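Single-letter residue listing:
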Amino acid sequence: MRAAVLHKTGQDTLDVREDVTAVGFGPGTVRVRMRAASLCHSDLSAMSGVLPQPAPFVPGHEGAGDVVEVGEGVTGVAPGDRVVLCWMPPCGRCAHCDRGRGHLCVASLRRLGAPGFRLAEDGTEASGFYGTGAFAEEVVVAADAVIKVPADLPYEAAALIGCGVTTGIGAAVNTARVEPGSTVAVIGAGGVGVATVQGARVCGAARITVVDPVASRRERALAFGATEAIAPEELKAAAKGLPGGGFDYVFEAVGRAATVRAGYDAARRGGAVVVIGAGAQDDLAQFTMGELFFNEKRLLPSLYGGAPVARTVGLVVDLWRAGRIDLDGMITHRVGLADVNLAIEQMRGGEALRTVVSLG
């Protein structure tokens, strides 16, 4: 079968080849025929080494397809079911899961780097990014790494739900719990940022300001419910012009210390700064103890939607079915697997909101 492989961390492009086999099928696993995958910035972060993922590996974690076969002991899904991949599934047994905070479960990270693919040319084994590897025509994953979705949900829309949309909407609904009539700023108008805009709109925010350095991205965000879109250098003045001297909620969807700091400064006293972007381990955000105490601004990191992933996925599907969020509009480009490197260029250049890779 075909798959796109990154051979060494730091390489800029993927090797699309046809001699790859999905391996590891057995008890507790499922075989999935992938139909669509979308490119998330986290894939680029894994390729560059910002996010830990041993190479060689097959990138892609936002993916949807059909279950082909289930291993012994698997329940909850059956051949023919439409599913999305879950890149950090809960184990259901740890302290986080017992508290209803399964999105914080790290049990699946023990599988990081486990073989998921084999290259016929020399027998080299490759893993799938965070136990998935959506840029392949077929994957074998642990049964907990798939979430069943309705059969009428298009594959392309389902792929987006696997990470970015769930992350952004969940940050607004679950983590921040944006209140009706509130003021919101979203720093970063990529896929996660636009999903956050939609989540804030669903919550009833009165003013949603998108902040991004790229004019075309700012303009695009207005179509998803942003009430205004400004450049980063305009954020300080926009915040000062609000009652209380800042926004009720600021969402950072970039993953950099500098933008977290800018978000903190743009929030009002008593407001909330919600950190969604996946950043580097050595990128340190700085705050003084005095300002943290005096301003009482809440710092709220939000991982994978801030709630059990399956529950947030179900919410997103319900919102889509009710016409309250736009998934199709978030897909700005479509390519085949052979052109996955074009999708990477589009993401790096800021041209694409989400590029969907068709897998047949």
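Anyway, here's the lowdown on the structure attached to this text. Here the structure is a predicted model, which means the values were calculated and not measured.

1. A closer look at the environment of T21
Tracing the backbone shows T21 in strand β3 (residues 20–22). With relative accessibility at 43%, the residue T21 sits in the partly exposed group. Between the C-alpha atom of T21 and that of L153, which follows or precedes it by 132 residues, the distance is 28 Å. When near neighbours in sequence (up to four residues on either side) are disregarded, T21 contacts M1, G116, F117 and R118.

2. Regarding the packing of aromatic side chains
Within this structure, the stated rule accounts for five aromatic pairs. Both rings, one in W87 and one in Y130, keep their centres 5.6 Å apart while their planes meet at 65°; by these two values the pair is edge-to-face. Here the residue W87 occupies a position in the loop between β7 (82–85) and α2 (95–98), and Y130 occupies one in the loop between β9 (125–128) and β10 (138–142), the gap between them amounting to 43 residues. The class for Y130 is buried, based on a relative accessible area of 16%. Measuring from centroid to centroid gives 4.5 Å for W87 and Y304, while their planes differ by 15°, and the two rings are stacked. Pair noted here: W87 is in the loop between β7 and α2 and Y304 is in the loop between β17 (298–301) and α10 (309–321), with a separation of 217 residues, a long-range link. With respect to class, W87 is no different from Y304; both count as buried. One aromatic cluster is present, built from ring pairs that chain together F57, W87, F129, Y130 and Y304. Between R82 and the ring centre of Y155, over which it is positioned, the NZ or CZ distance is 3.8 Å. In this structure, R269 packs its charged tip against the face of F294, placed 4.2 Å from the ring centre.

3. Some remarks on the pattern of salt bridges
Tallying each qualifying case throughout the model produces 18 salt bridges. Among the ionic pairs, R2 bridges to E137, the shortest N-O distance being 3.0 Å. One end of the pair, R2, is in the segment before β1 (3–5); the other, E137, is in the loop between β9 and β10, and 135 residues separate them in sequence. Across the pair R111 and D144 runs a salt bridge whose closest N-O atoms are separated by 3.0 Å. A residue pair is termed long-range when its members are at least 10 positions apart, and R111 in the loop between α2 and β8 (115–119) and D144 in the loop between β10 and β11 (146–148) qualify at 33 residues.

4. Let's talk about the sheet that holds strand β5 (residues 57–58)
Taking strand neighbours across the sheet as the criterion, the four strands line up as β3-β8-β9-β5 in an open arrangement whose pairing is mixed. Two strands lie at the open edges of the sheet, namely β3 and β5, each paired on one side alone. With two bridges joining them, β5 and β9 adopt parallel strand pairing. When the sheet's bridge partners are listed, F57 is paired in β9 with S127.

5. Quick word on unusual backbone geometry
In this structure, P56 follows A55 across a cis peptide bond, with omega equal to 0°. With respect to the element layout, P56 can be found in the loop between α1 (41–48) and β5. Even without a glycine there, the phi angle at Y304 is positive, about 55°.

6. Remarks on α1
The element α1 is extensively covered by neighbouring structure, given that six of its eight residues are classed as buried. Of the residues making up α1, those classed as buried are S42, D43, L44, S45, A46 and M47. One or two residues past the end of α1 sits G49, with phi positive at roughly 100°.

7. Comments concerning the state of the cysteines
Throughout the structure, instances matching the rule amount to zero disulfides. C91 takes part in no disulfide bond, and the closest cysteine sulfur, belonging to C105, lies 3.7 Å away. With no disulfide of its own, C97 lies 3.6 Å from the sulfur of C94, the closest cysteine sulfur. Residue classification places C97 among the buried positions, given a relative accessible area of 15%.

Reading guide: rules and limits
Residues numbered from 1 in each chain as written. Predicted model: local features only at pLDDT ≥ 70, side-chain atom pairs only at ≥ 80, totals over all residues. Heavy atoms only, no water. Helix = DSSP H or I, 4+ residues; strand = E, 2+ residues; numbered from the N terminus. Buried < 20%, exposed > 50% of the residue type's maximum accessible area, 1.4 Å probe, protein only. Contact = heavy atoms within 4.5 Å. Phe/Tyr/Trp six-rings, centres within 6.5 Å; stacked < 30°, edge-to-face > 60°. Lys NZ or Arg CZ within 6 Å of the ring centre and 35° of its normal. Salt bridge = Lys/Arg side-chain N within 4 Å of Asp/Glu carboxyl O. Pairing = 2+ DSSP bridges. Disulfide = S-S within 2.5 Å.

It is worth stressing that arrangement in space is one thing and function is another; only the former is reported here.
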